[in-house]
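# Geometric and topological summary
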Amino acid sequence: MSVTPRLELIDVSKRFPGVLANDRVSLSVKPGEIHALLGENGAGKSTLVKMIYGIQSPDSGSILWEGQEVRIPHPRAARRLGVGMVFQHFSLFEAMDVLENIALGLDSAVSRKQLDAEIRLVMEKYGLKLDPRRQISTLSVGERQRIEIVRALLLNPRLLIMDEPTSVLTPQEVEDLFKTLRRLASEGCSILYISHKLHEIVELCERATILRGGKVVATCDPRKETARSMGEMMIGSDLREPARGQVSVEGPVRLSVNRLSLPKPDDFGVALDEISFQVKGGEIFGIAGVAGNGQNELLEALCGEHLSDEADTIQVDGSSVGRSGPSDRRKLGLCSVPEERNGHAAIGAFSLSDNAILTARSRMGFETKGFINKTGADGFAANVIKTFAVKTLGPASLAGSLSGGNLQKFVMGREIMQAPGVLVVSQPTWGVDAGSAAFIHQALIDLAAQGSAVVVISQDLDELLRLCDRLSVINLGKLSSPRPVGEVSVQELGLLMGGSHGTPTVDAGGPHAASA
Amino acid sequence: MTITFLIDALVTIIGITTPILLAASGELVVEKSGVINLGVEGMMLVGTIAGFAVTFETGNPWLGILVATLAGAAAATIFAVLVLSLGANQVATGLALTIFGIGLSSLIGSNYVGIAIDPLESPFPDVLATDSFWRVIFGHSPFVYFAIILVLAIGWFINKTRAGLVLRAIGENDLSAHSIGYPVIAIRYAAVAFGGAIAGIAGADFSMVISPLWAEQMTAGRGWIALALVVFAGWRAGRLLAGAYFFGVLMALELYAKASGHAIFPSQFWAAMPYLIAVIVLALISSRDGKDGKAPACLGKPFIPNG
């Protein structure tokens, strides 16, 4: 006789204009089970859990909670049933303190004192460390996630939904999180764990439901699968690992950064502190680190959005460019792709061809005496679309109409096809599906093979370890000394990244207090 | 002699400060919810004519105030429908609401030009209200006491109650509030209507106490001062109270200059002062980008739920 599942979905469908986001999805989660929901971006994972949490309602199908059919019209109803959720994009309020944020997640008023006591109790029980009086804007990403978890735990959930919880954590923070989750599961709380990081699922979960194109394509026991086999179920074809041929990094130094320091751009920014590194032609150099430790500031300093005080802090092929703007740097062969693709790398309301003009005009000769060569730009954009397999109608499509992965392929292609001597990219595969990510990785490898110097700034350690020749870690605006990838362990990198952020709880002046 | 003058001055300052204090208190609640309604001037004008006309026709000032409140709320609701339900631009719609208020109040008021009503008097016994000294505390219209209680109550509501916390949360991050399960649009509707109701009362203060003789556009731009005051106060109720009286002093200087005739500068200069100060203060505050007194993060942005 089998146990009644905690949660069971039967033939749940949800249609949005133009897409069938969930197509007769069925799954069941047993009490105390850690159940993985696996799928590429756009496979329908988020829509599915939003229906379980009452943010959206299904068009058809039924949801059973402990054997009873239920309707979940709003999140409050979900919480009443015992469903807690930790969002991928945290639902926190920057200008408020931890207590207020947690109070907002509860459905009844509790005095600050009482809440403070309850929070401390939960934190002690699950080994979560947090100072309830701190303002959110001063906290690291790991600490922010702990708030979400505490908020969910205060309601004594019987099902906890975690939406891509580890994408922003250091390896040590991931360890801590897994401990908490296992502890919860051992107490009978079911966990629905959404991720596309396959090795985590192999490590943590007992069962996995794999979604593709809104449909369940497989259910499996991750402990009996490999990351590769699940990856193939997820994308529905053979996963082509990017091939890094035998490389000899013997080229000349193409990018040289010498004691680059910059004050913080605003209250929430990070100051860069004497950053030095060199990248040779043919080399891929990785910069790891937890978000908000100076990555954006470094990218902006390298691409020329923020000028340094002295020209020779940044040298491209021997020319000092520290005082030159982005256009001049591009002319010298330094191209870049920032993290934010829509709004920073590309303008959503412009066509792809216009977006191509924005960064490629001088290198590709789309501008003469102030006039634009539209035909040339159209041809170039069409070429990028073809070469990088961008799914779109053509160069006239608006950048904003492309999905994240496709727009990322376009902006990467736009820079790579200008044959830059130095390419700096930040988070090249953030939120990009596995197929496109493999494609982008291959393109970066090919670019390096042609003799360019490539700098990859990323929070995804796996990506960096797979892609790079040498690696540094950025923490609080300082760069660790570069190490060859083969000689450094994940544990070491994690410690360089700041270990478990915010471990000293009440000590507001701790070493990482300023990291947010 | 000097003490009489001082008391006169104080009574004047308190009287002319009250409508901007009221209107700004209402707008504070609106802006805390993440909506900016630039139609304060228009909603006040709707309140002036509603209060004046109803009081004149029925002889009952309390009914006048009630109708002014409802009229202000109704005007604000038009704004709310356009902005919250139909996604219109908040700045443009607010400006349109002001123009609408000017036009509507002038149209309805065309029959009342030159007509006067009895001003609403102090709610306290004459012994206190007309005493040469005690009138500084007891000699004001009910609006004055209401405004002070209201701003304190709003400060308490925003900072100490759960509902106030939810209001702030919605102004701070509407998407997060939505995903936790708060009805963002409904709460914003309530806040906007409340702001309109209070602006209506502020308008009634003009036509029923400050100048109980009907004239077009009698609010003379005070709605704009109220808007500036909210920014000036850094979205805090306590500073709003202090800031309102600061502007009150500036406005009183104009009256004094007009009456005495021997001020150093012409009265027009003093009349321009509050507006000039408002502009300077706003420029200073926005350039300083201070930590204390940050605008609600979602101020003026339309709410587009991402599913």
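Residues numbered from 1 in each chain as written. Chains lettered and ligands numbered in written order. Predicted model: local features only at pLDDT ≥ 70, side-chain atom pairs only at ≥ 80, totals over all residues.

With that out of the way, let us pick up the interface of chain B and chain A. Of the residues lining the interface, 13 residues belong to chain B; the matching set on chain A comes to 18 residues. Only α8 (162–172) and α9 (174–180) of chain B provide two or more residues apiece to the side of chain B that touches chain A. Classifying every residue of the side of chain B that touches chain A by side-chain character gives five nonpolar, five polar and three charged. (Contact = placed C-beta atoms within 7 Å. Helix = DSSP H or I, 4+ residues; strand = E, 2+ residues; numbered from the N terminus. Nonpolar A, V, L, I, M, F, W, Y, C, P; charged D, E, K, R; others polar.)

Here the focus is the sheet that holds strand β7 (residues 159–163) of chain A. Residue and element names in this part refer to chain A. Across the sheet, six strands lie side by side as β6-β7-β8-β3-β9-β10; this open sheet has mixed pairing. A strand with exactly one partner marks an edge of an open sheet, and here the two such strands are β6 (83–86) and β10 (215–220). Pairwise comparison of adjacent strand axes, ignoring direction, gives a mean angle of 20 degrees for this sheet. Taken together, the five bridges between strand β9 (residues 207–212) and β10 define a ladder with antiparallel strand orientation. From the neighbouring strand, T209 faces β10, where its bridge partner is T219. Each of β3 (34–39), β6, β7, β8 (190–195) and β9 touches helix α1 (residues 45–52); the most contacted strand, β7, lies at about 150 degrees to it. Contacting β6 and β7, helix α5 (residues 141–153) crosses the sheet at an angle of about 175 degrees to β6. (Pairing = 2+ DSSP bridges. Axes fitted to C-alpha atoms, helices over the stretch in contact; angles between N-to-C directions.)

Helices that pack against each other are described as a pair by the angle of their axes relative to one another and the distance between those axes. All names here are of chain B. Where helix α1 (residues 2–32) contacts helix α11 (residues 222–232), the axes come no closer than 8 Å and their chain directions differ by 50 degrees. In terms of their interaxial angle, α1 and α11 are classed as oblique. In this structure, α1 meets α11 at a crossing whose hand is right-handed. From α1, P19, I20, A23, A24, E27, L28 and E31 reach across to α11, where they touch R222, G223, I225, A226, L227, L229 and V230. Grouping the amino acids of the contact of α1 with α11 by side-chain chemistry returns 10 nonpolar, one polar and three charged. (Parallel < 35°, antiparallel > 145°, perpendicular 65-115°, else oblique. Left-handed = near helix turned anticlockwise from the far one by under 90°.)

The next subject is the environment of M233 of chain A. All names here are of chain A. With respect to the element layout, M233 can be found in helix α8 (residues 227–235). The buried category is assigned to M233, around which 20 C-beta atoms lie within 10 Å. Once residues within four sequence positions are removed from consideration, M233 is found in contact with I210, V217 and A218. (Buried ≥ 20, exposed ≤ 12 C-beta atoms within 10 Å, placed from the backbone.)

Moving on, we come to helix α4 (residues 90–109) of chain B. Residues and elements named next belong to chain B. Here α4 contains 20 residues, and its C-alpha end-to-end distance of 28 Å stays within 8% of the 28 Å for a straight helix at 1.5 Å per residue. Residues of α4 that are buried include every one of Q90, T93, G94, L97, T98, G101, S105 and G109, and no others. Around the axis of α4, the buried residues are gathered within 150 degrees of arc, so they sit on the same side. Turned more than 90 degrees away from the buried face of α4, the exposed residues are A92, I99, G103 and L107. Tucked into the core, α4 has its buried residues touching α2 (40–58) and α3 (61–85). (Expected span 1.5 Å × (residues − 1). Arc of directions from axis to C-beta.)

Per-chain confidence: chain B averages 90 in pLDDT, with 95% of residues scoring 70 or above. Reported confidence for the predicted complex is 0.80 by ipTM and 0.75 by pTM. (pLDDT = per-residue confidence, 0-100.)

For the rest of this paragraph, the subject is the sheet that holds strand β14 (residues 314–316) of chain A. Residues and elements named next belong to chain A. Ordered by their spatial adjacency, four strands build an open sheet running β12-β11-β14-β15, and the pairing between neighbours is antiparallel. Of all strands in the sheet, those with a lone pairing partner are β12 (272–280) and β15 (319–320), marking the two edges. Bridging between strand β11 (residues 253–262) and β14 involves three bridges; their strand directions are antiparallel. If you follow V257 over to β14, its bridge partner there is I314.

Here we take up the nonpolar core. Within the largest apolar cluster, 228 residues are counted, with the highest numbers of intra-cluster contacts made by I161 of chain A together with L229 of chain B. In terms of domain composition, this core takes at least three residues from each of domain 1 (7–235) and domain 2 (253–341 + 421–496) of chain A. Aside from chain neighbours lying at most four places away, what touches I161 of chain A is V49, I52, Y53, V83, M85, V86 and L192 of chain A. (Core = buried A, V, L, I, M, F, W, Y, C linked by C-beta atoms within 7 Å. Domains from an automatic or database assignment.)

All names here are of chain A. Given a rise of 1.5 Å per residue, 16 residues ought to cover 22 Å, and the 22 Å separating the end C-alpha atoms of helix α14 (residues 434–449) matches this to within 8%. The set of residues buried in α14 consists of A434, S436, A437, F439, I440, H441, A443, L444, L447 and A448. Close packing links the buried residues of α14 with α8, β13 (284–288), α13 (404–416), β19 (422–426), β20 (453–457) and α15 (461–467).

On to the domain arrangement of chain A. All names here are of chain A. If you check the domain split of chain A, you get domain 1 (7–235) and domain 2 (253–341 + 421–496). Computed from C-alpha atoms alone, the centre-to-centre distance between domain 1 and domain 2 is 33 Å. With 14 residues of domain 1 in contact, the opposing surface of domain 2 contributes 14 residues. Those elements that provide at least two residues to the side of domain 1 that touches domain 2 are α6 (171–186) and α8. Top contributing element to the side of domain 1 that touches domain 2 by residue count: α8, with three residues. Considering only residue class, the side of domain 1 that touches domain 2 consists of five nonpolar, eight polar and one charged.

Quick look at the pairing of β3 of chain A now. All names here are of chain A. Extensive coverage of β3 is indicated by the burial of six of its six residues. Alternating positions in β3 separate into two faces, I34, A36 and L38 on one and H35, L37 and G39 on the other, with burial throughout. The pairing of β3 with β8 spans five bridges and is parallel. Across the sheet, I34 pairs through a bridge with I191, a residue of β8.

A few words on the environment of K45 of chain A. Residues and elements named next belong to chain A. Secondary-structure assignment places K45 in helix α1. Residue classification places K45 among the buried residues on the basis of 27 C-beta atoms within 10 Å. The spatial distance from the C-alpha of K45 to the C-alpha of L27 is 12 Å, given a sequence separation of 18 residues. Apart from the residues lying within four places of it in its own chain, the contact partners of K45 are L37, G39, I194 and L211.

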